[in-house]
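# Working through the structure, step by step
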Amino acid sequence: MASWAEERVFYHIYPLGLCGAPERNDFMAEPQPRILELEAWLPHIRELGCDALYIGPHFESAAHGYDTVDYFKLDRRLGRNQDLARFCQGARDQGMKIVFDAVFNHVGVEHPFFRDLAQRRQDSPYRDWFVKVDFSDAARGAPGGQGFGYEGWGGHYNLAKLNLENPAVKAHLFAAVASWMDEYGIDGLRLDAADCLDKGFLRELSAFCRSKRADFWLMAELIHGNYSAWLKEGGLDSATNYECWKGLYSSMNDDNLFEIAHSLTRLFGEGGLYRGLNLYSFADNHDVDRVASLLKKRERLFPLYFLLYAMPGSPSLYYGSEWGLEGKKRGGSDAPLRPRLSLDSLRAGGPEPGLKDCLTRLAAMRRALPELRHGAYRQAHVSSSCLAFFRETAEGRVLVAVNASDKEEELVLDGFSPTGAYADPLNGNEGISSHGGRLRLRLFPNWGRVIRAA
């Protein structure tokens, strides 16, 4: 279904990292309003052309935010609820839509309901709030070290899986969502570990959110497989496009644009899995190595982001990557992906200072051309280093052509109007010629062009 997200470019912030919060929450310290440091980032985000903010997780947790202990309170390492409300108001004042991270599959074992279960056992009113709770003698040595059995997320027993079929659990989570909508004016949710969420729960969540706001946006974190069932049966709007995330950087590394071309056609071409759906597209995020660390040649950042902004889906930037910041997981830790950053220091000299201006231009291009936001996808040409495709609506079409090589290339395409005049609003008209229905394009190294009828 169509949504406001089709019109937007996202900026993604992991606040506990960017704000330099302590690694662990002691649950005793006075709240520190670190989240207000992010107010200085809002004008920068708008300068980039980003007009949607995905932020989180940021509610009270023990460590990384995905081990929630209170859905109704801002993590004390980031401040108080009024600090979050002030920050969200500032984002709205900049014209941004706001999306919160929603962690509904599990809570941390420090959550008071789970602690009550651990202490009172069979007598706890929360016994049915969690999955596969087992107090039998055989379960005393179960993983997790709690002296009873329960299901953890992905083998992580510090994350206790919630029983989303329990009406009381659903009421608790829906009340949290309502408070986020009312207190902070959010416009959507990114649903963590959505592949673990029951589709019935998702349908109820969707109906609840849309009962409060018809245009509320729900995006699922999904990695493997066909996302269609989760989107259609769960009543969701979008999902993370992990197939194209991998295809973008590996195509650049292998000098093999056939890979990303195959994915784009498979997903969005005629009869494609997600044709007509608007997925959430990204080059990196808080869970995967920064794309500047994945690429063998840093200059490939430019054609990679060109594709990200021109292909189907809503593009997203992860904080700091607009300067080509590097970051790789180390020793199983995600901390290097989620660093504290100084905006002033990056402005003074980031690793790839020209990338920020490039991304600003790409956002302006996307905003100026409705075909890039809404158009259907049709491949026009592919080689090891060049990819060209059309984005088409009922009102018009544009041709996108990307050159991921270190030398200039020429692209020749047939089937154009023999009398057509063509323009490249991003690069000027240099290197475009048309004769007898044949279009010749000069493609600059490590860059792209978007051609439309003048």
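Calculation notes
- Residues numbered from 1 in each chain as written.
- Predicted model: local features only at pLDDT ≥ 70, side-chain atom pairs only at ≥ 80, totals over all residues.
- Heavy atoms only, no water.
- Helix = DSSP H or I, 4+ residues; strand = E, 2+ residues; numbered from the N terminus.
- Rg over C-alpha atoms; globule rule 2.2 N^0.38 Å.
- Buried < 20%, exposed > 50% of the residue type's maximum accessible area, 1.4 Å probe, protein only.
- Contact = heavy atoms within 4.5 Å.
- Areas by Shrake-Rupley, 256 points an atom, 1.4 Å probe, with all protein chains shown as cover.
- Core = buried A, V, L, I, M, F, W, Y, C linked by side-chain atoms within 4.5 Å.
- Axes fitted to C-alpha atoms, helices over the stretch in contact; angles between N-to-C directions.
- Parallel < 35°, antiparallel > 145°, perpendicular 65-115°, else oblique.
- Left-handed = near helix turned anticlockwise from the far one by under 90°.
- Nonpolar A, V, L, I, M, F, W, Y, C, P; charged D, E, K, R; others polar.
- Salt bridge = Lys/Arg side-chain N within 4 Å of Asp/Glu carboxyl O.
- Pairing = 2+ DSSP bridges.
- Right-handed = clockwise from strand over helix to strand, strands pointing away.
- Phe/Tyr/Trp six-rings, centres within 6.5 Å; stacked < 30°, edge-to-face > 60°.

## Things to note about the overall build of the chain
Summing up its helical and strand segments, the chain has 14 helices and 21 strands in all. Expected size for 454 residues packed as a compact globule is a radius of gyration near 22 Å; at 24 Å, the chain falls within 12% of this value. For the chain, the C-alpha atoms occupy an extent of roughly 85 × 45 × 40 Å along the three principal directions. Relative to its full complement of 454 residues, the chain shows a buried share of 60%. For the chain, restricting intrachain contacts to residue pairs at least 6 apart in sequence, the fraction spanning at least 24 positions comes to 69%. Surface exposure of the chain reaches about 17,600 Å², of which carbon and sulfur atoms provide 49%.

## A closer look at the nonpolar core
Counting 143 residues, the largest nonpolar core has Phe100, Phe104, Phe130, Trp180, Leu189 and Tyr305 as its most contacted members. Element by element, the count of residues in this core is highest for helix α11 (residues 301–310), at nine residues. Within the second largest apolar cluster, 14 residues are counted, among which are Ala401, Tyr422, Ile432 and Leu441.

## Digging into the packing of helix α8 (residues 242–253) against helix α9 (residues 258–268)
For the pair α8 and α9, interaxial distance at closest approach is 8 Å and the crossing angle is 160°. Compared by their axis directions, α8 and α9 come out roughly antiparallel. As for the relative orientation of α8 and α9, their crossing is left-handed in sense. Every residue of α9 that contacts α8 at Glu243, Cys244, Lys246, Gly247, Leu248, Ser250 and Ser251 is listed here: Glu259, Ile260, Ser263, Leu264, Arg266 and Leu267. When grouped by side-chain class, the residues that make up the contact of α8 with α9 number five nonpolar, four polar and four charged.

## What about the pattern of salt bridges?
Following the criterion strictly, the structure yields 39 salt bridges and no others. Close ionic contact of aspartate 406 with lysine 297 constitutes a salt bridge, the shortest N to O distance being 2.9 Å. Separated by 109 residues along the polypeptide, aspartate 406 in the loop between β16 (397–403) and β17 (409–414) and lysine 297 in the loop between α10 (291–294) and α11 bring together distant segments of the chain. Since its relative accessible area comes to 35%, lysine 297 is described here as partly exposed.

## Observations concerning the sheet that holds strand β8 (residues 156–161)
In space, the three strands of this open sheet follow the order β6-β8-β7, with antiparallel pairing throughout. Two strands close off the open sheet at either side, each with one partner strand: β6 (106–108) and β7 (152–153).

## Some details on helix α4 (residues 112–120)
Of all the positions in α4, only Phe113, Phe114, Asp116, Leu117 and Ala118 are classed as buried. Against the buried residues of α4 lie β6, β8 and α5 (167–184).

## Focus on the sheet that holds β17
One open sheet accounts for three strands, arranged β17-β20-β19; its pairing is antiparallel. Two strands lie at the open edges of the sheet, namely β17 and β19 (432–435), each paired on one side alone. Direction aside, the axes of adjacent strands within the sheet are offset by 15° on average. Examined bridge by bridge, β17 and strand β20 (residues 438–443) share six bridges and lie antiparallel to one another. When the sheet's bridge partners are listed, glutamate 409 is paired in β20 with leucine 443.

## Description of unusual backbone geometry
Between glycine 56 and the following residue, proline 57, the backbone shows a cis peptide bond with an omega angle of -5°. Examined against the element boundaries, proline 57 turns out to sit in the loop between β2 (52–55) and β3 (59–61). Residues other than glycine seldom take positive phi values, yet phenylalanine 27 does so here, at roughly 60°. We note that lysine 132 has phi near 60°; this positive angle belongs to a residue other than glycine. Here lysine 132 is to be found in the loop between α4 and β7.

## Structural notes on the pairing of strand β9 (residues 188–191)
Neither face of β9 is left uncovered, since the one carrying Gly188 and Arg190 and the one carrying Leu189 and Leu191 both have all their residues buried. In the sheet, strand β5 (residues 97–102) pairs with β9 via four bridges, with the strands oriented parallel. Bridging from a neighbouring strand, valine 99 pairs with glycine 188 of β9. Following the backbone out of β9, through helix α6 (residues 199–212) and into the adjacent parallel strand β10 (residues 217–220), one traces a crossover that is right-handed.

## Some details on the packing of aromatic side chains
The tally for this structure, following the rule as stated, stands at 34 aromatic pairs. Look at phenylalanine 174 and phenylalanine 208: their rings are 5.1 Å apart centre to centre, the planes differ by 15°, and that puts the pair in the stacked class. Taken together, the positions of phenylalanine 174 in helix α5 and phenylalanine 208 in helix α6 put the pair 34 residues apart, joining distant regions of the chain. Look at phenylalanine 174 and you get buried, because its relative accessible area is 11%. Overall, the relative accessible area of 23% leaves phenylalanine 208 in the partly exposed class. Here the aromatic rings of tyrosine 242 and tryptophan 245 are separated by 5.5 Å at their centres, their planes lie at 75°, and the arrangement is edge-to-face. Taken together, the positions of tyrosine 242 and tryptophan 245, both in helix α8 and three residues apart, correspond to about one turn of that helix.

From the geometry alone we can't say anything about function, so treat these as descriptive.
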